[in-house]
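# Structural overview
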Amino acid sequence: MRIGELAERAGTSTRTLRYYESRGLLPARRNGNGYRTYDEDDLRLLRQIRMLQDFGFELEETRPFVDCLRAGHPAGDACPASLAVYRRKVAEMDALIGQLVDAREQVARQLAEAEAAAGEYAVPRCEMTT
């Protein structure tokens, strides 16, 4: 398939595909008339990259998965380098979750203190009489 069809099927742009090619993530095969050509393996590779990026992986972090797919592993994540990236990403996510939990607890404490203070200093409401 040509670059436009691959971009459409992968849900991306031709510009993105050219960028991936320049970064060595997508093969740069050309046919006799100079057009870029791609196959179903390239589509699978792009889908893997997109899925990982949707999970928050940086483009360079996808390289071990691309290499693993190229080495013939069907899912692209069975190689030691891919597993190492997964482990590192899980650790990063755990750290972020910890930071969010801490921040939530601080905000909840501030809210409780603000509500208590508001209760102490509440000004009685006066109704207007006509």
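See the structure shown above.
Residues numbered from 1 in each chain as written. Predicted model: local features only at pLDDT ≥ 70, side-chain atom pairs only at ≥ 80, totals over all residues. Heavy atoms only, no water.

## Concerning the nonpolar core
- Ranked by size, the top nonpolar core spans 16 residues in total, and within it Leu6, Leu17, Tyr20, Leu26, Leu46 and Ile49 carry the most contacts.
- At the level of secondary structure, the elements contributing two or more residues to this core comprise helix 1 (3-10), helix 2 (14-22), helix 3 (40-54) and helix 4 (63-70).
- When sequence neighbours within four positions are dropped, the list of residues in contact with Leu17 reads Ile3, Leu6, Ala7, Thr12, Leu26 and Leu46. (Core = buried A, V, L, I, M, F, W, Y, C linked by side-chain atoms within 4.5 Å. Buried < 20%, exposed > 50% of the residue type's maximum accessible area, 1.4 Å probe, protein only. Helix = DSSP H or I, 4+ residues; strand = E, 2+ residues; numbered from the N terminus. Contact = heavy atoms within 4.5 Å.)

## Comments concerning the state of the cysteines
- If you walk through the whole model with that rule in mind, you get one disulfide.
- Each disulfide pairs two cysteine sulfurs, and for Cys68 the partner residue is Cys79, the sulfurs being separated by 2.2 Å. Its torsion about the S-S bond being 85°, the disulfide of Cys68 and Cys79 is classed as right-handed. Of this pair, Cys68 sits in helix 4 while Cys79 is found in the loop between helix 4 and helix 5 (80-120), placing the two residues eleven residues apart along the sequence.
- With a relative accessible area of 1%, Cys68 lands in the buried category.
- Judged by relative accessible area, Cys79 falls into the buried class, the value being 13%. (Disulfide = S-S within 2.5 Å.)

## Quick look at the pattern of salt bridges
- Within the structure shown, the criterion is met by ten salt bridges.
- For Arg36, the salt bridge is made with Glu21, and the minimal N-O distance between the two is 2.8 Å. Of this pair, Arg36 sits in the loop between helix 2 and helix 3 while Glu21 sits in helix 2, and the two are 15 residues apart along the sequence. Of the two residues, Arg36 and Glu21, neither departs from the other in class, the shared state being buried.
- When salt bridges that share partners are traced, they join Glu5, Arg9 and Glu40 into one network. (Salt bridge = Lys/Arg side-chain N within 4 Å of Asp/Glu carboxyl O.)

## Thoughts on the packing of helix 1 against helix 2
- Look at helix 1 against helix 2: their axes get within 9 Å of each other, and the N-to-C directions meet at 105°. Of the possible angle classes, the one that applies to helix 1 and helix 2 is roughly perpendicular. Residue-level inspection shows Ile3, Gly4, Leu6 and Ala7 of helix 1 in contact with helix 2, the latter providing Thr14, Leu17 and Arg18.
- Class assignment of the residues belonging to the contact of helix 1 with helix 2 gives a composition of four nonpolar, two polar and one charged. (Axes fitted to C-alpha atoms, helices over the stretch in contact; angles between N-to-C directions. Parallel < 35°, antiparallel > 145°, perpendicular 65-115°, else oblique. Nonpolar A, V, L, I, M, F, W, Y, C, P; charged D, E, K, R; others polar.)

## A short note on a nonpolar patch on the surface
- A contiguous nonpolar patch, built from Met51, Phe55, Met93, Ile97 and Val101 and spanning about 430 Å² of accessible area, is present on the exposed surface.
- At three residues, helix 5 tops the list of elements feeding residues into the nonpolar patch.
- Mapped onto the fold, Ile97 is located in helix 5. (Patch = residues over 30% accessible without salt bridge, like charges linked within 9 Å, V, L, I, M, F, W, Y side chains within 5 Å. Areas by Shrake-Rupley, 256 points an atom, 1.4 Å probe, with all protein chains shown as cover.)

## Regarding the side chain of Gln48
- Relative to the assigned elements, Gln48 resides in helix 3.
- Excluding anything up to four places from it in sequence, Gln48 contacts Phe65, Leu69, Ala75 and Gly76.

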